[in-house]
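# Structure assessment
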Amino acid sequence: MVGSGKGWPPADPGPPHSSASFCSLAPGEAQGEEEEEKAVFTWEVKANDRTYNNQFKEKAFLCWQRRKYKSNIIRTAKYNFFSFLPLNLYEQFHRISNSYFLFVIILQGVFPEISTMPWFTLFAPLVCLLFIRAIRDLVDDIGRHKSDSTVNNRPCEMLVGERFLCKKWKDLHVGDLVRLHDTNIVPADMVLLSSTEPSSLCYVETADIDGETNLKYRQALLVTHHELTTIKSMASFQGKVVCEEPNSRMHYFTGHLEWEGKKYSLDSGNILLRGCKIRNTDTCYGMVIYAGFDTKIMRNCGKIHLKRTKIDRLMNKLVIMICIVVVLISVALTLGFWSKVTEFKTRHYYVPMIHVHSLTTESIFILLSFVILLSVMMPMAMFITAEFIYLGNSIFIDWDVEMYYAPQDLPAKARSTSLNVQLGQVGYIFSDKTGTLTQNIMTFKKCCINGIVYSPDQENIYKENPFLWNVFADQKLLFRNSKLLSIVRTNKDKVVREFWRLLAICHTVMVEEKDNQLLYQAASPDEEALVTAARNFGYVFLARTQDSITVMELGEQRVYQVLALMDFNSIRKRMSILVRNPEGSIYLYTKGADTVLFERLHKKDMYRKEQIVKAATEEALTSFAEETLRTLCLAYKKVEEEQYKEWSQRHQEAKILLENRAQALHQVYEDIEQDLQLLGITAIEDRLQDGVLETIQCLKKGNIKIWVLTGDKQETAVNIGYACQLLSEDMHILDEEQIIAILEAYQETKNNLPQVEMAAMIVSGEFLDQLMKSVAGPVKQNKDSNTPQSLEVWRERTFVELACRCKAVICCRVTPKQKALIVALVKKYKKVITLAIGDGANDVNMIKTADIGVGLAGQEGMQAVQNSDYMLAQFRFLRRLLLVHGRWSYMRVCKFLRYFIYKTLAIMMVQIWFTFYSGFTAQPLYESWFLALFNLLYTTLPVLYIGLFEQDVSDEQSLELPELYIAGQKDELFNYWVFFQAIVHGTGTSLVNFFMTLWISHDIIGPISDYQSFATVMSLSGLLSVTMEVILIIKYWTILSVLAIFFSLCFYIVVTRASQSVWLFTISPITFPFMSVEQNVLSHPYVLLVVMLNVSLNTLPVLAFRVIYQALKQLPLKEEKEEEKEEEVEEVPTEETAGVPRARRSSYAFSHQEGYADLITQGTIMRRSLVFNKYSSDEDHSTSIDFI
């Protein structure tokens, strides 16, 4: 049955074989009936004939063809055993840095004589980096393989010969006949052939597809229902289904069955979709028409996208820039070498040639030597360290007890380790509704009867259950009001009696008995909540037949004859039932939206008391709307016998019309639904998940915009929008007509879009269909602005711009593919970081498309989680994930990158300055071991501390000050300007260290007058300078930070003493040439003063500059705060786009779908039973007909 859940809107049941009318996905998809009839179907599937189905081929590549019809095997993994190594390496070497390092290693291997560093200094780190990333990708892909294997090996019953045998899902092919039982999951898209239910109805639950836990019905063709009654008849069944090609339109299907020379029309009401669960149906049979990736749910799942962070893309550009700069510097230095050699030959022509190669060849070798020498300016250690930082921050998310959900024993889980930094830059959140924002639990919260509001009593006033007198009471109902219960039991108030009687009679709920308990199956959770409330207050719905309803009213069983049942639809916004009570009187009971029912109340000769009741009811409606409760108004009237006879005749005439039947029936219903008497209103709470309101408000303060994408009706989605405070009473709601008017006016005038800061946008999937035509491709610049392509792109961009200016956006009745396309539109035109969060399989495509996908582990299966980057148990944990872990990760990585670039340049730029004094010979200044271990050992621990533990503010302050999050959205902590600052800072440090030391030692015969001593002083000065910098930038000091700095210096002392020992020098003088240099140099106090001077000159000016800059930065902030206070005092009029908000917002929101009233009145849904015989004292009712 159709419910209010989330996901895409259910197909309109309507008549059993009417085609679904919901808008399609792609342009031109919504076709008229005439176009559907003329459509050419190219998909032919014959039952029980694999040979026939296998003959169809399709072109795969060049002349190679493959089978047109796919098997039912699902493969979502990226790699297999043979493709993993080559494909993963191919992906990894798409990173410019990896390709650059590989090029340098090849140079070192091919030309060892020009290598300025040992080859293993680059090779070992590169292998380590590739290995770490490959293991990460492999672990992720193994999870996909396990998930695929679990799904592919699910059991099912398939017809083989003349027997149904137990097979696996992967064994199914198109044309196979499958038998399903209650609670079975449908393995492929199938045509329903027959079932054990009346008229071959089949009830399905689509929780794993769209999150709706309410039942929907499907029905087989009458011909297959009557003919395919035995296994033998099914084995001989040779029908052929001719239909449309596989597509992603979940609620649209058209085709026909060809059997025994006749054609029978098929539509979405005859199809069982893969992923549905059979419910309340003992056995059903179906024929597979789409299998595997041809099924509609798989067509909506989307592809696996390679997600890369914003910083990762920026670093890729910076790597290219660094590579170009390194090559240019190498060329410049090589030209210096050429000039130096040429000058030497000119001046000293008498010196014999000592070069083995020509000058040109020698210059090429020198160029390559410089490229190898300067390759360390782009340190591979930075990328390796970044991987460990990403992993560590992911583990912190897993360990966070604040995001642990005890009721389900679910911690948060970072399923991707590379996207943590992007959690601190999210600009837009796209959220599902049901199961994500709400619990999909409807509770009867309040009611207003005859102008009196009845709220639930406090729980502690009851010593025992007040409903013990009622054997039918549902103990799960939380609404209890002793005053109302007393009035009901005295049975003296007619309005109260009619109020509960209406709730027990006016509905389409079905009932069954299980374990001596009444179980209601409702078309929506709203209806179930209302009927259950009436049940607890003594008005118990027991059974229904095609033309009667049996109700137990305060212990008395009463049977009402149903004269007419007028169902809900989106236009009527109300439901009515016309009944004859046991006394013979005829009454009309109506429930619906306040905006509809108040117009139909009788207005003539209204007594003062009725006016007071109406005013009090309107006041209650306003109050309920402010509390974001979902309301229904209830009214009734007595119908005279003569009036009924006249109306009944017109009703019968309208029912048999061949043309305009729906309009005629609507007018007939309209005629009788007049002059009603108001009974009251009900208020139902669609319960939000805990903490949703606080989370949304906090995220909005962090400049994060939240859009709700749901397949639910507009009324229910808007109601949740108010409950979450995404919408407010002072907001102007832009409907689709106003949006079109704004876009057209903007197109004509070319002026700026209107200011819509206090507006919200609410659109439907059908409307969005016309705005998403070019999103699949890149934006193409077209000189002709009047071409269709440019107009579509312009319309999309303008729509996105208008939507992004709104305070809130709610998209109703959207399909999974449309959800993904909305995300793609914002990514395409706003260039922001997007996050999608959902809990059902219908959210998978959206989760894959967004930059970050968050799956909620709920009761709807794990499809969303399995395709997500992060798993949470509750929506409220998103606040901590973004504002704490996301912001910290972004801040840590940015600070890590800036510092790493600085320290690398501070050490390595010295090589360039030294080149001017070494004859441009590409001779390394530093000891080779210092070059190899500087980034890997001497400065690794402080860098890791910054990347893993650094905090600017605590987690509590991060949540209290969500405004801090804006820095990540604006890329303030790492961008081209920050990168340039790091370059200038590092270059300045290298200049101070080199030239101050050179200047002091110039023309002086002392401890630093030789090359090795000079190199040692430079090494120590550089190391201490970058260590002082890390001391200045660390804000969160712990024992770990102290130990990290201490051990880093200890590593330098120990390793340097070891590498310069006499013992190692005697073993390999070439590998360890710096024998006891540091020990000799540092024994002179003069050298220590030089080192201290270098460190001081590098540290003190930077410290002073930062202090002055922060002081100057605070002045504009104070002025801004004062201006904001002045603006708060003065009200500034804002430009309104259109219209004025209504004085009172209707809180009507009902998720009932049309269709079940027809099934009830036609008797299609009924079957005979003796379930409630024991409740009947009259033998005439012993064969009542009810639903099981």
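All of the points below concern the structure found in this document. (Residues numbered from 1 in each chain as written. Predicted model: local features only at pLDDT ≥ 70, side-chain atom pairs only at ≥ 80, totals over all residues. Heavy atoms only, no water.)

## Side note on unusual backbone geometry
Here the phi dihedral of Gln-725 falls at roughly 65°; this positive angle occurs in a residue that is not glycine. Within the secondary structure, Gln-725 is located in the loop between α21 (714–723) and β30 (732–734). Positive phi, normally seen in glycine, also occurs at Ser-1076, with a value near 55°. For Ser-1076, the position within the fold is in the loop between α36 (1062–1067) and α37 (1077–1081). Under the relative-accessibility criterion, Ser-1076 is labelled buried at 17%. (Helix = DSSP H or I, 4+ residues; strand = E, 2+ residues; numbered from the N terminus. Buried < 20%, exposed > 50% of the residue type's maximum accessible area, 1.4 Å probe, protein only.)

## Points about the pairing of strand β3 (residues 64–67)
Where strand β2 (residues 57–61) lies against β3, four bridges are found, and the strand directions are antiparallel. What sits directly across from Lys-59, in β3, is Gln-65. (Pairing = 2+ DSSP bridges.)

## Quick notes on the nonpolar core
One recurring pattern in soluble globular proteins is that nonpolar side chains are buried together. Membership of the largest hydrophobic core comes to 99 residues, with the highest contact counts inside it found for Phe-896 and Phe-974. Among the elements that take part in this core, helix α28 (residues 877–915) stands out by supplying 18 residues, more than any other. If near-sequence neighbours (up to four positions away) are discounted, Phe-896 is found in contact with Met-382, Thr-385, Ala-386, Ile-389, Val-943 and Ile-946. Within the second largest apolar cluster, 96 residues are counted, among which are Leu-484, Met-566, Val-668 and Ile-1160. (Core = buried A, V, L, I, M, F, W, Y, C linked by side-chain atoms within 4.5 Å. Contact = heavy atoms within 4.5 Å.)

## Quick look at helix α35 (residues 1039–1059)
Taking 1.5 Å as the rise per residue, α35 with 21 residues should run 30 Å; its terminal C-alpha atoms sit 30 Å apart, in good agreement. Among all positions of α35, only Ser-1041, Ala-1044, Ile-1045, Ser-1048, Tyr-1052, Thr-1056 and Ser-1059 are buried. The buried residues of α35 occupy an angular sector of 90° when the element is viewed end-on, so they sit on one face. The exposed set on the far side of α35, more than 90 degrees from its buried face, consists of Ile-1039 and Val-1054. Contacts from the buried residues of α35 go to α29 (928–938), α30 (940–949), α34 (1011–1033), α36 and α37. (Expected span 1.5 Å × (residues − 1). Arc of directions from axis to C-beta.)

## Considering the sheet that holds strand β4 (residues 155–160)
Whether parallel or antiparallel, the strands of a sheet pair through hydrogen bonds between backbone atoms. Spatial ordering of the open sheet is given by β5-β4-β6-β15-β7-β13, a layout of six strands whose pairing is antiparallel. Two strands lie at the open edges of the sheet, namely β5 (163–168) and β13 (271–272), each paired on one side alone. Looking at chain direction, strand β7 (residues 189–195) and β13 are connected through two bridges and run antiparallel. Following the sheet pairing, Met-190 is matched in β13 by Leu-272.

## As for the pattern of salt bridges
According to the stated counting rule, one finds 52 salt bridges in the structure shown. The partner of Glu-91 in a salt bridge is Lys-78, with the nearest N and O atoms 3.5 Å apart. Of the two residues, Glu-91 sits in helix α3 (residues 84–92) while Lys-78 sits in the loop between β3 and α3, which places them 13 residues apart along the sequence. Using a relative accessible area of 24% as the deciding quantity, one classes Glu-91 as partly exposed. In this structure, Glu-670 and Arg-574 form a salt bridge, with 2.8 Å as the shortest nitrogen-oxygen distance. Of the two residues, Glu-670 sits in helix α19 (residues 661–672) while Arg-574 sits in strand β25 (residues 574–580), which places them 96 residues apart along the sequence. Per residue, the accessibility class of Glu-670 equals that of Arg-574, and both read buried. (Salt bridge = Lys/Arg side-chain N within 4 Å of Asp/Glu carboxyl O.)

## Brief notes about the packing of aromatic side chains
Scanning the model with the defined rule gives 46 aromatic pairs in all. Aromatic side chains Trp-43 and Tyr-290 sit 5.6 Å apart centroid to centroid with 55° between the ring planes, which places their arrangement in the tilted category. One end of the pair, Trp-43, is in strand β1 (residues 43–46); the other, Tyr-290, is in strand β15 (residues 283–290), and 247 residues separate them in sequence. Residue classification places Tyr-290 among the buried residues on the basis of a relative accessible area of 1%. Residues Phe-479 and Phe-537 carry aromatic rings whose centres are separated by 5.9 Å and whose planes lie at 45° to one another, so their mutual orientation is tilted. Taken together, the positions of Phe-479 in the loop between β19 (452–454) and α13 (482–490) and Phe-537 in the loop between α15 (525–536) and β22 (539–544) put the pair 58 residues apart, joining distant regions of the chain. Both residues of the pair, Phe-479 and Phe-537, belong to the buried class. Ring pairing ties together the aromatic residues Trp-43, Tyr-52, Phe-56, Tyr-69, Phe-253 and Tyr-290, which thus form one cluster. Residue placement shows Lys-46 over the ring face of Tyr-52; its charged tip is 5.3 Å from the ring centre. Arg-535 extends its terminal NZ or CZ atom over the ring of Tyr-520, reaching a point 5.2 Å from the ring centre. (Phe/Tyr/Trp six-rings, centres within 6.5 Å; stacked < 30°, edge-to-face > 60°. Lys NZ or Arg CZ within 6 Å of the ring centre and 35° of its normal.)

## Concerning the side chain of Thr-1027
Residue placement: Thr-1027 occurs in helix α34. For Thr-1027, a relative accessible area of 12% translates into the label buried. At 2.6 Å, the side chain of Thr-1027 forms a polar contact with the backbone oxygen of Leu-1023. Apart from residues lying up to four places away in sequence, Thr-1027 is in contact with Tyr-899, Ile-1045 and Leu-1049. (Polar contact = N/O pair within 3.5 Å; in protein donor to acceptor, adjacent residues only side chain to side chain.)

## Topic: the environment of Ser-576
Within the secondary structure, Ser-576 sits in strand β25. Judged by relative accessible area, which is 0%, Ser-576 ranks as buried. Along the chain, Ser-576 and Tyr-669 lie 93 residues apart, while their C-alpha atoms are 8.6 Å from each other.

## With respect to the pairing of strand β10 (residues 240–243)
Residues Lys-240 and Val-242 line one face of β10 and the alternating positions Val-241 and Cys-243 line the opposite face, and both faces are buried. Across four bridges, β1 lies against β10 in antiparallel orientation. By the bridge assignment, Val-45 is partnered in β10 with Val-241. Here β10 runs beside strand β11 (residues 254–259); their pairing, made up of four bridges, is antiparallel. Looking at the pairing, Lys-240 lines up with Glu-258 of β11.

## Focus on the state of the cysteines
With the rule as written, the count across this model stands at zero disulfides. Here Cys-284 is not disulfide-linked; the sulfur of Cys-202 is the nearest cysteine sulfur, at 3.9 Å. (Disulfide = S-S within 2.5 Å.)

## Some details on the sheet that holds strand β31 (residues 759–764)
Taken together, the nine strands give an open sheet; going across it, the order is β16-β35-β34-β33-β17-β29-β32-β31-β30, and neighbouring strands pair in mixed fashion. At either margin of the open sheet sits one strand with a lone partner, and together these are β16 (413–414) and β30. Across the sheet, α21 lies against β30, β31 and β32 (808–812), angled at about 155° from β32, the strand it touches most. Of the strands in this sheet, β17 (426–431), β33 (833–838), β34 (852–856) and β35 (870–872) touch α28, which is tilted by about 140° from β35. (Axes fitted to C-alpha atoms, helices over the stretch in contact; angles between N-to-C directions.)

## Thoughts on the packing of helix α10 (residues 310–347) against α28
Taken N-terminus to C-terminus, the directions of α10 and α28 make an angle of 5°; their axes are 14 Å apart at the nearest point. By the angle between their directions, the pair α10 and α28 is classed as roughly parallel. Together, Ile-311, Met-315, Ile-329 and Leu-333 of α10 and Tyr-890, Val-893, Cys-894, Leu-897, Ile-912 and Thr-915 of α28 make up the contact between the two elements. For the contact of α10 with α28, the class distribution of residues is nine nonpolar, one polar and no charged. (Parallel < 35°, antiparallel > 145°, perpendicular 65-115°, else oblique. Nonpolar A, V, L, I, M, F, W, Y, C, P; charged D, E, K, R; others polar.)

## Concerning the packing of helix α4 (residues 96–110) against helix α11 (residues 359–374)
For the pair α4 and α11, interaxial distance at closest approach is 10 Å and the crossing angle is 130°. Comparing the axis directions of α4 and α11 gives the class oblique. The element α4 and its partner α11 pack so that their crossing is left-handed. Two secondary-structure elements touch here, α4 through Tyr-100, Phe-103, Val-104, Leu-107 and Gln-108 and α11 through Leu-368, Val-371 and Ile-372. Here the contact of α4 with α11 is composed, by residue class, of seven nonpolar, one polar and no charged. (Left-handed = near helix turned anticlockwise from the far one by under 90°.)

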